[in-house]
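Residue-level structural notes
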Amino acid sequence: MVVPSDSWCIRNGFVTEFQNLGQTQQIPDYGTAFRQNDEIRTVISAMSEFMAANEFPLQSLEAELNRINNESVEMSLMQGKSGSVIEESPVEALRRTAKADIILNLDYKVTMVGPRRQIEFNLQAIDAYSSKIISGNTGTSSPVSSATPMTTILEEAVLSFKDNFLAGLQRHFDDLFANGREISVTLLRYDSSPVDFDSEFEFEGDMYELAEHIDLWFSNNTVEGRYSLNDKSANRMRFSQVRIPLYDTVMGKERAADAQSFGNKLARMLRKEPYNLVVGVTPKGLGEVWITIGDK
């Protein structure tokens with residue numbers, strides 16, 4: 001999915017401000033950008049055609065935003081026979097956002113060189129699961145007449161780096177198929193939990209901490225046992241660089257795996273004997289999940 005960069009949105013005034021712990025923060029307002037700026041629609045459309053021509057079809061951000069908006073309107077109008085309405089928490093609303101495996105973060109600036117204009121172009125491919133940059137390039141078109149269509153200027157800028165950019169994408173996909181997706185998992189303890197991660201449980205006749213049981217489960221359920229335990233205490237564990245298979249079998253059917261599906265598997269294990277824990281699973285996007293014990 002091609003997404004206008006934060007820098008482009010801020011530079012062009014397409015942002016929404018909100019207060020977070022007394023600090024004013026800005027987030028991109030993509031919907032307003034598409035409604036009021038024909039140029040960004042043209043640029044993203046041209047990028048979509050370029051990627052599709054090179055066998056990397058894109059999901060439309062504008063179409064997905066419209067779908068989400070229509071869904072929100074429909075949910076607000078739904079009413080049960082008794083007059084009850086659909087409830088949705090802010091977290092649940094946040095989850096109903098556009099999802100794509102790879103985000104193409106696009107920034108560009110049109111500058112005038114005398115009576116002619118050129119485009120400075122920056123494109124980064126970001127893995128939505130790990131937030132790592134997997135490919136990126138910059139390009140600058142030659143100065144051309146101000147009457148030259150934006151798509152023509154863009155095409156020249158893209159052609160200047162397309163081979164390296166596409167090669168970076170292909171290396172990423174090759175790595176996915178060989179080593180799995182990369183996600184992060186955080187386990188947290190509510191104070192209502194009767195146990196913590198230092199509590200001991202039996203395994204093959206010996207007693208081991210719950211953290212050790214979980215660590216063994218990660219070793220058995222990741223691709224080639226690849227993961228890192230970054231933080232461990234009585235109340236918290238955090239795993240990063242967790243490599244999970246691209247696909248998983250759930251209830252007898254194969255489906256694409258993500259952080260939530262991986263977290264659900266861990267939760268099912270912790271709900272069983274000998275643990276019998278109350279476990280909650282909260283996805284934080286495609287590539288991160290929080291597992292809570294003691295409450296949901």
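Residues numbered from 1 in each chain as written. Predicted model: local features only at pLDDT ≥ 70, side-chain atom pairs only at ≥ 80, totals over all residues. Heavy atoms only, no water.

A few words on the overall build of the chain. Assigned secondary structure in the chain consists of nine helices and 16 strands. In terms of its C-alpha atoms, the chain occupies a principal-axis envelope of roughly 80 × 55 × 40 Å. Counting the 296 residues in the chain, one finds 38% classified as buried. Once local pairs closer than 6 in sequence are excluded, the contacts in the chain between residues at least 24 apart make up 56%. A total of about 16600 Å² of accessible surface is found on the chain, and carbon and sulfur atoms cover 47% of it. Between the centroid of the 29 positive side chains of the chain and the centroid of its 42 negative side chains there is a distance of 3 Å. (Helix = DSSP H or I, 4+ residues; strand = E, 2+ residues; numbered from the N terminus. Buried < 20%, exposed > 50% of the residue type's maximum accessible area, 1.4 Å probe, protein only. Contact = heavy atoms within 4.5 Å. Areas by Shrake-Rupley, 256 points an atom, 1.4 Å probe, with all protein chains shown as cover. Lys, Arg positive; Asp, Glu negative; His and termini not counted. Charge placed at Lys NZ, Arg CZ, Asp CG, Glu CD.)

With that settled, consider the nonpolar core. Counting 37 residues, the largest nonpolar core has Met47, Met51, Leu106, Phe121, Phe165 and Leu169 as its most contacted members. Elements that contribute at least two residues to this core include exactly strand 1 (2-4), helix 1 (6-11), helix 2 (30-36), helix 3 (38-53), strand 4 (102-113), strand 5 (116-127), helix 6 (150-159) and helix 7 (162-179). With seven residues, helix 3 is the single largest residue contributor to this core. Setting aside residues up to four positions removed in sequence, leucine 169 forms contacts with Met51, Phe56, Ile102, Ala125, Ile134 and Ser135. (Core = buried A, V, L, I, M, F, W, Y, C linked by side-chain atoms within 4.5 Å.)

Now for helix 6. Within helix 6 the residues assigned to the buried category are Met150, Ile153, Leu154, Ala157 and Val158. All buried residues of helix 6 lie within an arc of 135° about the axis, which places them on one face of the element. As for helix 6, its buried residues are in contact with helix 3, strand 4, strand 5, strand 6 (133-140), strand 7 (144-145) and helix 7. (Arc of directions from axis to C-beta.)

Moving on to helix 8 (residues 210-221). Between its first and last C-alpha, helix 8 extends 17 Å over 12 residues, near the 16 Å set by a 1.5 Å rise per residue. Those residues of helix 8 that fall on the buried side of the exposure criterion are Leu210, Ala211, His213, Ile214, Trp217, Phe218 and Asn221. Projection of helix 8 onto a plane perpendicular to its axis shows the buried side chains occupying an angular sector of 160°, all on one side. (Expected span 1.5 Å × (residues − 1).)

As a further point, take the packing of aromatic side chains. Taken as a whole, this structure holds 11 aromatic pairs when the rule is applied. Aromatic pair phenylalanine 56 and phenylalanine 173: ring centres 5.9 Å apart, planes at 25°, arrangement stacked. One end of the pair, phenylalanine 56, is in the loop between helix 3 and helix 4 (61-77); the other, phenylalanine 173, is in helix 7, with 117 residues separating them in the sequence. The buried category is assigned to phenylalanine 56, whose relative accessible area is 15%. Within the aromatic cluster, the residues linked to one another by ring pairs are Trp217, Phe218, Tyr227, Phe239 and Phe262. (Phe/Tyr/Trp six-rings, centres within 6.5 Å; stacked < 30°, edge-to-face > 60°.)

Our next topic: a nonpolar patch on the surface. Together, Phe203, Tyr208 and Leu216 line one region of the surface with nonpolar side chains, adding up to about 240 Å² of accessible area. Position of leucine 216 among the secondary structure elements: in helix 8. (Patch = residues over 30% accessible without salt bridge, like charges linked within 9 Å, V, L, I, M, F, W, Y side chains within 5 Å. Salt bridge = Lys/Arg side-chain N within 4 Å of Asp/Glu carboxyl O.)

What follows concerns the sheet that holds strand 12 (residues 236-244). Strand order in the open sheet formed by five strands is 11-12-8-16-15, with mixed pairing between adjacent strands. Each of the sheet's edge strands pairs with one partner strand only, and the pair in question is strand 11 (228-232) and strand 15 (279-283). Across the sheet, the mean angle from the axis of one strand to that of its neighbour is 20°, orientation sign disregarded. Strand direction decides the pairing type here: strand 8 (residues 181-189) and strand 16 (residues 288-293), joined by six bridges, are parallel. Residue pairing across strands places serine 184 opposite glutamate 288, the latter belonging to strand 16. (Pairing = 2+ DSSP bridges. Axes fitted to C-alpha atoms, helices over the stretch in contact; angles between N-to-C directions.)

Take the confidence of the model for the chain next. When the pLDDT values of the chain are averaged, the result is 85; 91% of them are 70 or greater. Per-element mean pLDDT across the chain ranges from 49 in helix 5 (residues 90-95) up to 97 in helix 8. (pLDDT = per-residue confidence, 0-100.)

Across 12 bridges, strand 4 lies against strand 5 in antiparallel orientation. Across the sheet, tyrosine 108 pairs through a bridge with phenylalanine 121, a residue of strand 5. The turn linking strand 4 back onto strand 5 is made up of two residues, and glycine 114 within it adopts a positive phi angle of 65°. Both strand 5 and strand 7 contribute to a ladder of two bridges, which runs antiparallel. Across the sheet, the residue bridging to arginine 116 is serine 145, located in strand 7. In this structure, strand 5 lies alongside strand 6, joined through seven bridges in antiparallel fashion.

The next point concerns the environment of asparagine 66. The residue asparagine 66 is located in helix 4 in this model. On the basis of relative accessible area, asparagine 66 is assigned to the partly exposed category, the value being 45%. Distance from asparagine 66 to glycine 31, taken between C-alpha atoms, is 8.3 Å for residues 35 residues apart in sequence.

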